[in-house]
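# Structure at a glance
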Amino acid sequence: MLPRTFQANVDRFYQRVILKTLGDLPTHETLVVGEASDMDEFLDRCAAQIDNYTANEAAKAFVLTLDGLFERQLARWARAHGVKFSGATDLSRAAREIAAIDVGAIGVASDLHEMHLAANVARHGDGSACTKLLAKAPQLWTRISFDYGDIAPAPVPTSEELRIGQDELRRYARAVVQFWGHADPLPGAVLVAPY
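The notes below deal with the structure included here. (Residues numbered from 1 in each chain as written. Predicted model: local features only at pLDDT ≥ 70, side-chain atom pairs only at ≥ 80, totals over all residues. Heavy atoms only, no water.)

Residue placement: D184 occurs in the segment after α6 (166-183). A polar atom in the side chain of D184 sits 2.5 Å from the side chain of R4. For D184, the residues in contact, after removing those within four places along its chain, are P3, R4 and A189. (Helix = DSSP H or I, 4+ residues; strand = E, 2+ residues; numbered from the N terminus. Polar contact = N/O pair within 3.5 Å; in protein donor to acceptor, adjacent residues only side chain to side chain. Contact = heavy atoms within 4.5 Å.)

Structure (structure tokens):
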């Protein structure tokens, strides 16, 4: 029952917490830059900047939480089957040993790996995970023009330019849900996430 329970827990977390929270946060498509005509306009522009910054930080917190939840689930699943598991890097081996799952063949390996790297970047900033993620998913750095500027003084670390959006979080949640569906040995397993 662990895979089915884990799948339901991830789905509920994604649907009830991530989507709801991010949906409630105000964001602005393109920020206006340049000289403001008055103090009210300037303050509105500052508020929009902070709104976008806050939404991106919330998304980074959610990728970190989603990755941590999945890793804890994997460790519990592996222990229940007497399989040694030492973190997300052991995912492929544990999945093969326990449930004969090839994470590449079921189409979730890339998204799970990207999620794990993004979580490590959110947690630690610049470092080897940031370098690997930039090479693997450079599109996570391409939305930087006019969505917000870093609000801390320069220089800006590469990791601070990481943008996690709702599309990325959907892909990551979908990959976790699908993984647990394929690990579920019971009849009626849900193999494809509804999002």
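Picking up where we left off.
Evaluated as defined, the whole model comprises eight aromatic pairs. When the centroid spacing of 4.6 Å and the interplanar angle of 40 degrees are considered together, the rings of Y14 and Y195 count as tilted. Placement of the pair is Y14 in helix α1 (residues 2-24) and Y195 in the segment after α6, with a sequence separation of 181 residues. Pairing F70 with W180 gives two aromatic rings, centres 5.9 Å apart and planes at 75 degrees, and the pair type is edge-to-face. One end of the pair, F70, is in helix α2 (residues 39-80); the other, W180, is in helix α6, and 110 residues separate them in sequence. Put simply, the rings of F6, F70, W77, F179 and W180 pair up and form one aromatic cluster. (Phe/Tyr/Trp six-rings, centres within 6.5 Å; stacked < 30°, edge-to-face > 60°.)

On to a nonpolar patch on the surface. Residues M39, F42 and L43 make up a contiguous nonpolar surface patch of roughly 320 Å² in combined accessible area. Relative to the assigned elements, M39 resides in helix α2. Relative accessible area serves as the criterion here: at 54%, M39 is assigned to the exposed category. (Patch = residues over 30% accessible without salt bridge, like charges linked within 9 Å, V, L, I, M, F, W, Y side chains within 5 Å. Areas by Shrake-Rupley, 256 points an atom, 1.4 Å probe, with all protein chains shown as cover. Salt bridge = Lys/Arg side-chain N within 4 Å of Asp/Glu carboxyl O. Buried < 20%, exposed > 50% of the residue type's maximum accessible area, 1.4 Å probe, protein only.)

So, about the pattern of salt bridges. The tally for this structure, following the rule as stated, stands at eight salt bridges. Put simply, R4 and D184 hold a salt bridge, and the shortest N to O gap is 2.5 Å. Here R4, found in helix α1, pairs with D184, found in the segment after α6; they are 180 residues apart in sequence, far enough to count as distant. Assessed through its relative accessible area of 27%, R4 is described here as partly exposed. We classify D184 as buried; its relative accessible area is 8%.

Moving on, we come to the environment of A58. Along the chain, A58 falls in helix α2. For A58, a relative accessible area of 17% puts it in the buried group. Between the C-alpha atoms of A58 and T21, which are 37 residues apart in sequence, the distance is 8.5 Å. Residue contacts for A58: discarding those within four places in its chain leaves L22 and L25.

Within soluble globular proteins, side chains that are nonpolar generally end up buried alongside one another. Counting residues in hydrophobic clusters, the biggest one holds 49 residues, and the most contacted among them are F70, L112, L133, L169, Y172, F179 and W180. The set of elements that each furnish at least two residues to this core consists of α1, α2, α3 (91-99), α4 (109-124), α5 (128-136) and α6. Setting aside anything within four residues of it in sequence, one finds L133 in contact with E114, L117, A118, V121, P138, L140, W141 and L162. (Core = buried A, V, L, I, M, F, W, Y, C linked by side-chain atoms within 4.5 Å.)

For the pair α4 and α6, the least separation of the axes is 9 Å and the interaxial angle reads 125 degrees. One finds that α4 runs oblique with respect to α6. Note on packing geometry: the crossing formed by α4 with α6 is left-handed. Where α4 approaches α6, its residues D111, L112, E114, M115 and A118 are matched on the opposing element by E168, R171, Y172, A175, V176 and F179. Split by residue class, the contact of α4 with α6 holds seven nonpolar, no polar and four charged. (Axes fitted to C-alpha atoms, helices over the stretch in contact; angles between N-to-C directions. Parallel < 35°, antiparallel > 145°, perpendicular 65-115°, else oblique. Left-handed = near helix turned anticlockwise from the far one by under 90°. Nonpolar A, V, L, I, M, F, W, Y, C, P; charged D, E, K, R; others polar.)

Backbone geometry places A100, a non-glycine residue, at a positive phi of 55 degrees. As for its position among the elements, A100 is in the loop between α3 and α4.

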